[in-house]
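# Report on the structure
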Amino acid sequence: KNTTNPTIPDPNDGGGKKIVAADGKTTSSTTTAKIGDRVPFQFKFNATNFVTAAGVTKQIKSYTITDTPTALTINQDSVVVKVGTKTLVKNQDYTVSFDNTGKMTVVLTWINRDKSTIYNSPIEVNVTYSAVVTKDAKEGEATNKATLGYNSFDPTNPQDPNHPDNPNPNPTDPTPVNPQNPDDNKTTVTTHRFTLNKTSKADGTDTLTGAEFHLYDAKENGNEIKVVEESEGVYRVAEATETGVVIKAGKVVIKGLKGTTTYYLEETKAPDGYNILTERQAIEVTSDNTAEANVVNKKGGLLPSTGSIGTTMFYLSGAV
């Protein structure tokens, strides 16, 4: 066992840093989400009690996992650590800390006070946690990159800087388990956009102004997707602490949405002189960001739904 070093398993088998799918079993390195969505992650590796290099065997004192997020905020209370089948206790078996940039550090204690090892070797370790996609992902991408390292000491040398009995300890930085392939532990969450064009023609060549919309995740009822206006003609999905605004079109772009997902536009105000739609119009957000919703209004009375002739003809017949 002393010649078996800690390893990060094959990424295709869920090793290293991965995004966990809704089924709780499938993992991948990429996914898509909208701003405000919570994305579950895991970091899986095979731990050992000893490590051998250049003919010297050292005992592992602790393991350290770090996660550096970009456009993601890790939920500090979401961290769960399992070694084998045992769920560890925070601040007893491991510690979690965050710096002012949001970087997370998890340190697993690997020896008892008498320097004996705690766990069988080798053994699987799985650290799970979640993170929320922030507004910084509005331009299309949020990433986080995890690293795994360990601190070890020579049991025969009390002067080793990592030795628990050293009277003047000077612990070294954790030794990376897999320094040659750091990007193996990088995950990516993409966000996407679509263009809303309020028009009087089906081909979208005649843009109208003065219409107002709200965005939903269902054709009827459902949840409103709140947005904020970043600049003229540009909206993005709002974060939980932000107050949403109405979408005013013209021709506008809405960013920060989940790709390959259908959303629904509800018109709450039509341009002056035009009818208002009484049904929500669907728009599927595509991964290539080329989706465009041409929302057509006709002059006259109220439209029962997109594309119908309205009530004007009936009013004329009745007048005659």
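Below you will find a few notes about this structure.

Rules used in this analysis
- In this numbering scheme, every chain counts its residues from 1 along its sequence in written order.
- Owing to the predicted nature of the model, reporting of local features is limited to residues with pLDDT of at least 70; listing and counting of side-chain atom pairs is limited to 80 or more, with chain, interface and lining totals taken over all residues.
- Processing note: side-chain calculations cover all non-hydrogen atoms of the structure and skip hydrogens and water entirely.
- Counting from the N terminus, the helices are DSSP H or I runs at least four residues long and the strands are E runs at least two residues long.
- Here the globule rule is a power law, 2.2 Å times the number of residues to the power 0.38, and the radius of gyration is based on C-alpha atoms.
- Each residue is assigned to one of three classes by its accessible area relative to the maximum for its type, calculated with a 1.4 Å probe on protein chains only: buried under 20%, partly exposed between the two thresholds, exposed over 50%.
- In what follows, residue pairs with any heavy atoms lying within 4.5 Å of each other are defined as contacts.
- Per-residue and other accessible areas were derived by the Shrake-Rupley procedure at a 1.4 Å probe size, with only the shown protein chains allowed to occlude residues.
- Think of a nonpolar core as a cluster: buried Ala, Val, Leu, Ile, Met, Phe, Trp, Tyr and Cys residues, connected wherever their side-chain atoms sit within 4.5 Å.
- Two strands qualify as a pair provided that DSSP identifies no fewer than 2 bridges between them.
- Between N-to-C directions, angles cover 0 to 180 degrees, with each direction set by a line fitted to C-alpha atoms, over the stretch in contact for helices.
- Every definition here rests on a 1 Å grid over the protein atoms only: cavities are sets of points where a 1.4 Å probe fits but cannot get out, pockets are open sets enclosed by protein on both sides within 12 Å along at least five of seven lines, and lining residues have some atom within 4 Å of a point.
- Grid points are joined across faces, edges and corners, and a volume is the space filled by probe spheres set on the points.

Looking only at helices and strands, the protein features 1 helix and 24 strands. In terms of C-alpha radius of gyration, the protein reaches 28 Å, well past the compact-globule figure of 20 Å for 320 residues. Residues classed as buried in the protein amount to 43% of the 320 residues present. Once local pairs closer than 6 in sequence are excluded, the contacts in the protein between residues at least 24 apart make up 69%. Total accessible area on the protein stands at roughly 16400 Å², and carbon and sulfur atoms take up 47% of it.

Bringing the nonpolar core into the picture now. Soluble, globular proteins show a tendency: their nonpolar side chains are buried together. In terms of nonpolar packing, the biggest core is built from 39 residues, with Phe45, Tyr63, Val79, Val106, Leu108 and Trp110 touching the most fellow members. Where this core is concerned, the elements lending two or more residues are β4 (38-47), β6 (56-70), β7 (72-74), β8 (80-83), β10 (94-98), β11 (104-109), β12 (123-133) and β13 (141-153). Here the element with the most residues in this core is β12; it accounts for 6 residues. In this structure, Leu108 is in contact with Lys61, Ser62, Tyr63, Ile65, Val81, Val83, Asp93, Tyr94 and Val125, ignoring residues within four places of it in sequence.

Across the sheet, 5 strands lie side by side as β18-β19-β21-β16-β24; this open sheet has mixed pairing. Each edge of the open sheet carries a strand with a single partner, namely β18 (227-231) and β24 (292-296). Taken over all neighbouring pairs, the strand axes of this sheet differ in orientation by 25° on average, direction set aside. Relative to strand β19 (residues 234-237), β18 is paired through 4 bridges, and the arrangement is antiparallel. By the bridge assignment for β19, Val227 is matched with Val237.

Here we take up empty space enclosed by the protein. If you walk through the whole model with that rule in mind, you get 1 cavity of 30 Å³ or more. Space inside the largest cavity adds up to approximately 30 Å³. Around the largest cavity, the lining residues are Phe213, His214, Leu215, Glu224, Ile225, Lys226, Val227, Val245 and Ile247.

Another point: the sheet that holds strand β20 (residues 247-249). Spatial strand order, β20-β17-β22-β23: 4 strands in an open sheet with antiparallel pairing. If you trace the sheet from one side to the other, it starts and ends with β20 and β23 (281-285), each paired once. Ignoring strand direction, the axes of neighbouring strands in this sheet form an average angle of 40°.

The subject of this paragraph is the pairing of β11. As a general feature of sheets, a regular strand has side chains that alternate between the two faces. Where burial is concerned, the two faces of β11 differ: the one with Met104, Val106 and Leu108 is buried and the one with Thr105, Val107 and Thr109 is not. The pairing of β6 with β11 spans 6 bridges and is classified as antiparallel. Residue pairing across strands places Asp67 opposite Met104, the latter belonging to β11. Examined bridge by bridge, β10 and β11 share 5 bridges and lie antiparallel to one another. Paired with Val96 across the two strands is Val106, which belongs to β11.

Turning to the pairing of β19, a few remarks are in order. Turn length for the β18-β19 hairpin, with the two strands adjacent in sequence and antiparallel, is 2 residues, and the turn residue Gly233 shows positive phi of about 80°. Across 3 bridges, β19 lies against strand β21 (residues 251-257) in parallel orientation. Bridge assignment links Tyr235 to a residue of β21, and that residue is Ile254.

Here we take up unusual backbone geometry. Negative phi characterises most residues that are not glycine, and trans characterises most peptide bonds. In this model, Ser121 is joined to Pro122 through a cis peptide bond whose omega is -5°. With respect to the helices and strands, Pro122 occurs in the loop between β11 and β12. One non-glycine residue, Lys115, lies in positive phi territory at about 75°. Along the polypeptide, Lys115 turns up in the loop between β11 and β12. The class of Lys115 is partly exposed, set by a relative accessible area of 25%. Backbone geometry places Thr260, a non-glycine residue, at a positive phi of 50°. Among the secondary structure elements, Thr260 is positioned in the loop between β21 and β22 (261-269). According to the relative accessible area criterion, Thr260 is exposed, its value standing at 57%.

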